[in-house]
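Listed here are the chains, written in short residue letters.
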Amino acid sequence: MAEQRDIAAGRLDQAAYLAGFSIDAKVPLDQGRALIEASRCYFCYDAPCVEACPTGIDIPSFIRKISTRNTRGAALDILEPNIFGGACARVCPVEELCEEACVRDAQETKPVSIGLLQRFATDRFFETGEQPFARAPATGKKIAVVGAGPAGLAGAHRLARLGHAVTVYDAREKAGGLNEYGIAAYKVVDGFAQKEVDFILGVGGITVETGKALGKDLTLDALRRDFDAVFLAVGQAGVRAVGVSGEDIIGVEPAVDFIARLRQAADLAALPVGRRVVVIGGGNTAIDAAIQSRRLGAGDVTMVYRRGPDDMGATDHEQEFAKTDGVKIKYWAKPVRFMGTDGALTGVEFESTRITGGKIEGTGDTFVVPADMVLTAVGQMLVDDPITKNAKEPLSVVGGRIVTDGHGRTSLKGVYAGGDCVEGKDLTVQAVEDGKNAALAIDGDLRG
Amino acid sequence: MADLRNNFAGIRSPNPFWLASGPPTDKAYNVERAFEAGWGGVIWKTVGEPVVNVSSRYGANAYNGTRVAGFTNIELISDRSVEINLREIKEVKKRWPDRAVVVSLMVPCEEPIWESILHQVNETGCDGVELNFGCPHGMSERGMGAAVGQVPEYVAMVTRWAKQHSRVPVIVKLTPNVNDVLFPAQAAVDGNADAVSLINTVASVIGVDLDTMSPLPEVNGKGSHGGYCGPAVKPIALRMIGDIAREFGPDLRISGIGGISTWHDAAEHIAMGAANVQVCTAAMHQGFKIVEDMIDGLSNWMDSKGYRTLDDFRGHAIPNYVRWENLDMNYEIVARIDQDACIKCGLCHIACEDTAHQAITARTNGTRRYEVIDKECVGCNLCMLVCPVENCITMERVDNGKPYTQWSEDPRNPANRVAAE
């Protein structure tokens with residue numbers, strides 16, 4: 001007799017769902033703690049933290065302003081170069097960016113908590129409800145942005161400020177991109193992602209059309225015809241397959257779909273989760289899926305990654321966070337096949353791996369991890385078909401990324417791209433910088 | 001083991017750490033807690049015609065996360081009656097015979113009044129009196145405190161009365177709110193004072209509330225100037241104590257007051273000529289227990305230096321406390337930056353570049369490297385002072401082979417050039 005697959009909703013009481021998903025992963029600073037932390041900043045000259053920030057926020061300046069209680073000034077120091085300063089304060093891997101560069105880290109292995117200070121300044125500012133940015137006189141130029149994630153909205157915001165009329169299209173129902181659909185819930189509690197979108201759109205001059213997908217409702221050729229410029233910020237909508245047998249067994253699904261469903265769920269208690277969950281992959285998506293399935297009540301969550309801890313896309317900090325939540329991380333193993341009985345998942349067979357001559361290879365030893373649910377997170381990719389298919393002129397795509405000149409210009413005149421669909425760090429903060437830079441390039445090119 | 005026993009102008013205490021006249025020594029309860037904690041002596045909060053104190057009374061400077069870097073008060077002398085204060089003093093002295101109990105006094109400048117109160121004080125068995133000629137606020141507007149201390153003739157006059165009517169040593173407490181502290185110090189000596197103590201608080205306004213537009217501390221929307229003390233005033237105290245010690249020599253006993261929070265601060269006061277020290281703000285900030293490390297730390301440091309008694313190093317900085325024109329014009333130092341210790345904050349560079357001598361590099365071949373350009377460095381210390389890493393920047397002597405030359409002999413002195421021509 002086949003073992004009953006144990007997958008169920010409502011494994012926890014309401015308080016546990018609240019604790020798991022509605023409480024900030026990092027405790028925000030209050031005024032007193034912010035002042036103490038701000039006082040630790042040396043106000044470096046030529047500060048290494050600034051160099052480490054993809055958006056180049058003047059970190060010593062905003063921290064000094066916090067310390068003098070000029071919180072509005074601090075927030076504007078952040079939001080001027082990075083309109084997603086609020087999201088970045090929550091989701092940036094600061095331990096690999098500004099905080100890793102902090103001279104305090106060199107001095108005492110305890111950097112200034114730049115992320116938390118940025119959060120403090122932006123949170124306080126958003127509480128005021130002020131809209132600090134104004135639009136330049138209208139230029140009469142129309143620009144289409146495809147994708148309402150961080151890259152698209154950062155680009156749209158800058159373009160709107162510069163006086164252009166912007167239309168943002170997104171295939172999903174809501175704007176926000178990964179901030180709305182992809183980031184773990186406990187990193188952006190209290191509906192922050194939508195509040196931030198509202199703040200960004202509050203500058204004016206931006207029309208958002210959701211439920212409009214490129215290749216279905218829109219074509220690049222039509223956009224190029226109808227607009228003065230097009231900014232592609234389509235991200236990586238495709239999910240990489242694991243590529244072993246049994247991937248179609250019920251109970252195996254991409255982690256991004258699981259997370260999106262979770263982020264949009266009105267009632268977490270209605271969301272089914274397996275008793276035993278296996279997550280395949282080593283990036284932040286894998287970590288987020290693993291932690292969130294634990295927090296939905298999965299009794300046993302195992303992440304399996306084919307290489308070692310240092311090779312993981314997820315930072316040490318993220319890995320530790322997952323372990324604290326009771327996630328087991330198994331390194332050096334790759335999936336061989338998904339196993340099922342009568343089409344229902346029973347587990348995953350793995351083969352141990354090792355590095356030989358710089359290449360990863362199976363050792364021949366195999367083992368089975370029983371599972372009621374498997375979430376795959378082995379990478380995402382650009383879906384270029386809707387962009388390039390039937391196009392009059394081809395858009396250059398290399399290695400699954402749209403090719404740009406470093407300022408967002410693609411191989412097509414009047415078409416720009418940025419964010420996860422181009423080469424670079426696949427981070428919110430990089431997407432914001434890409435959006436900002438592409439907007440500046442568009443503006444410069446249009447003004448000639 | 002160092003001997004910390006102190007004989008201050010005939011007043012004996014087991015250690016040189018006394019609590020200064022102020023809120024911590026207002027009544028028997030506090031003073032006995034202080035003695036239990038280990039303090040060597042107290043100056044009982046100033047006794048006189050009782051006053052009424054206001055609310056609030058204190059203000060403080062917080063600097064870069066440090067609370068109470070400076071402190072101010074607008075409190076007056078004791079608001080309790082002379083009788084209650086003197087009765088408690090008598091009781092406390094009886095219970096703590098080995099500790100120094102000195103009574104601070106402030107009454108109007110009339111001899112009969114001083115005579116009367118001193119006769120009462122004599123009955124308490126206290127070890128000494130301290131004449132409060134320093135308080136810069138409130139009392140001075142009534143012709144007492146700093147109003148006396150700022151007029152050398154009054155200082156000498158009242159000191160004489162006190163000496164005449166007191167059976168115990170008389171300490172004159174000096175105000176720093178004068179152009180030259182040597183004049184009131186001379187007046188105290190002229191009045192036959194047994195010792196001086198300084199500094200009292202510095203007349204000041206600690207801050208302004210930008211919402212109410214009231215100076216701080218605020219009393220129902222208004223503020224008046226107060227007396228500044230705490231760590232921030234130590235440099236003012238060291239200078240004035242040093243001036244007096246240099247001028248009057250080691251026979252004039254000085255009780256050092258001003259910004260003493262640690263044994264190190266105390267040792268500096270003593271090196272500049274103080275025979276013992278008084279503490280107030282630090283105790284108000286962190287309680288009486290701080291005296292434990294003051295005693296322990298001073299003792300350990302003295303052992304490490306081979307000083308057996310306090311007198312072994314009292315005033316030892318005074319021979320080196322010279323006037324500017326006696327400094328060596330040929331002494332030369334330059335900054336050295338330890339590249340292994342450097343954390344690349346760039347503060348040395350920007351301080352030198354913006355405000356000093358453009359003597360520190362910023363980037364070399366695109367990477368941050370802060371290095372001293374010797375020919376531009378004047379040895380001012382600024383980079384060393386702003387560097388957040390201990391001992392990362394040091395000042396190194398340049399052996400220029402030139403002899404000690406003071407300004408009067410220096411060929412660069414215009415007076416010498418004229419003479420040569």
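Residues numbered from 1 in each chain as written. Chains lettered and ligands numbered in written order. Predicted model: local features only at pLDDT ≥ 70, side-chain atom pairs only at ≥ 80, totals over all residues. Heavy atoms only, no water.

Peer 1: Tell me about the sheet that holds strand β19 (residues 415–417) of chain A, residues and numbers included.
Peer 2: Residues and elements named next belong to chain A. Strands sit in the order β4-β3-β2-β5-β19 across an open sheet of 5 strands; the sheet is parallel. At either margin of the open sheet sits one strand with a lone partner, and together these are β4 (206–210) and β19. Strand-to-strand twist in this sheet, taken as the mean axis angle between neighbours without regard to direction, amounts to 20 degrees. Sheet analysis places strand β3 (residues 165–170) next to β4, joined by 5 bridges and oriented parallel. Bridge pairing links V168 to V208 in β4. Contacts between helix α10 (residues 150–161) and the sheet are confined to β2 (142–146), β3, β4 and β5 (229–232), with β3 contributing the most and set at about 170 degrees to the helix. Strand contacts of helix α18 (residues 428–447): β2, β5 and β19, with the helix running at about 165 degrees to β5, the strand carrying the most contacts. (Pairing = 2+ DSSP bridges. Helix = DSSP H or I, 4+ residues; strand = E, 2+ residues; numbered from the N terminus. Axes fitted to C-alpha atoms, helices over the stretch in contact; angles between N-to-C directions. Contact = heavy atoms within 4.5 Å.)

Peer 1: Got a sec to walk through the sheet that holds strand β9 (residues 276–280) of chain A? Specific residues and values, please.
Peer 2: All names here are of chain A. Pairing is parallel in the open sheet, where 5 strands are placed in the order β7-β15-β9-β10-β11. What marks the edges here is a single partner per strand, and that holds for β7 (252–254) and β11 (328–330). Across this sheet, the average inter-strand angle for adjacent strands is 20 degrees, counted without regard to direction. Contacts between helix α14 (residues 255–264) and the sheet are confined to β7 and β15 (373–376), with β7 contributing the most and set at about 75 degrees to the helix. Contacts from helix α15 (residues 284–295) reach β9, β10 (300–304) and β15 within the one sheet, and its direction differs from that of β10 by about 170 degrees.

Peer 1: An account of the domain arrangement of chain A is needed here, citing residue identities and associated values.
Peer 2: By the assigned domains, chain A splits into domain 1 (26–128), domain 2 (142–237 + 382–447) and domain 3 (239–379). Computed over C-alpha atoms, the centres of domain 1 of chain A and domain 3 of chain A are 34 Å apart. (Domains from an automatic or database assignment.)

Peer 1: Talk me through unusual backbone geometry; I want residue IDs and the actual numbers.
Peer 2: Residue and element names in this part refer to chain B. With an omega dihedral of 10 degrees, the bond running from L198 to I199 counts as a cis peptide bond. Along the polypeptide, I199 turns up in the loop between β10 (195–198) and β11 (202–204). Between L216 and the following residue, P217, the backbone shows a cis peptide bond with an omega angle of -5 degrees. Topologically, P217 is positioned in the loop between β13 (214–216) and β14 (226–229). Its identity is not glycine, yet N220 carries a phi of approximately 50 degrees, on the positive side. Here N220 shows up in the loop between β13 and β14. The exposed category is assigned to N220, whose relative accessible area is 76%. (Buried < 20%, exposed > 50% of the residue type's maximum accessible area, 1.4 Å probe, protein only.)

Peer 1: Break down the interface of chain B and chain A for me, with residues and values.
Peer 2: Across the boundary between the two partners, chain B contributes 15 residues, which contact 12 residues of chain A. When chain B packs against chain A, the two sides together hide about 1,100 Å² of surface, and 54% of this comes from carbon and sulfur. Among the residues chain B hides against chain A, the three largest losses belong to I343(B), C345(B) and R368(B). Together they make up 41% of the total. At the surface where chain B touches chain A, the tally comes to 4 salt bridges. The shortest N-O distance in the salt bridge between D46(A) and R368(B) comes to 3.6 Å. Inspection of the chain B/chain A interface yields 6 residue pairs in polar contact (both at pLDDT 80 or more). Of the residues contributing to the side of chain B that touches chain A, the split by class is 8 nonpolar, 4 polar and 3 charged. (Buried area = accessible area lost by both parts, 1.4 Å probe. Salt bridge = Lys/Arg side-chain N within 4 Å of Asp/Glu carboxyl O. Polar contact = N/O pair within 3.5 Å; in protein donor to acceptor, adjacent residues only side chain to side chain. Nonpolar A, V, L, I, M, F, W, Y, C, P; charged D, E, K, R; others polar.)

Peer 1: If you had to explain the domain arrangement of chain B to someone new, which residues and values would you point to?
Peer 2: Under the domain assignment, chain B is made up of domain 1 (6–320) and domain 2 (327–420). Its C-alpha centre places domain 1 of chain B at a distance of 40 Å from the equivalent point of domain 2 of chain B.

Peer 1: Please give an account of the packing of α10(A) against α18(A) that cites residues and values.
Peer 2: All names here are of chain A. At a minimum axis distance of 7 Å, the contact between α10 and α18 shows a crossing angle of 35 degrees. Considering how the two elements wind past one another, α10 and α18 form a crossing that is right-handed. Of α18, the residues touching α10 (which contributes P150, A151, A154, G155, R158 and L159) are T428, A431, V432, G435, K436, A439, L440 and I442. Taken together, the residues of the contact of α10 with α18 sort by class into 9 nonpolar, 3 polar and 2 charged. (Left-handed = near helix turned anticlockwise from the far one by under 90°.)

Peer 1: Please set out helix α16 (residues 316–324) of chain A residue by residue, giving values where relevant.
Peer 2: Residue and element names in this part refer to chain A. Along α16, the positions that sit buried rather than exposed are E318, Q319 and A322. Burial along α16 is one-sided: seen end-on, the buried residues are contained in an arc of 100 degrees. Opposite the packed face of α16, turned more than 90 degrees from it, sit the exposed residues D316 and T324. Summarising the contacts, the buried residues of α16 are in contact with α15 and β11. Downstream of α16 by a residue or two, G326 has a phi angle that is positive, lying close to 90 degrees. (Arc of directions from axis to C-beta.)

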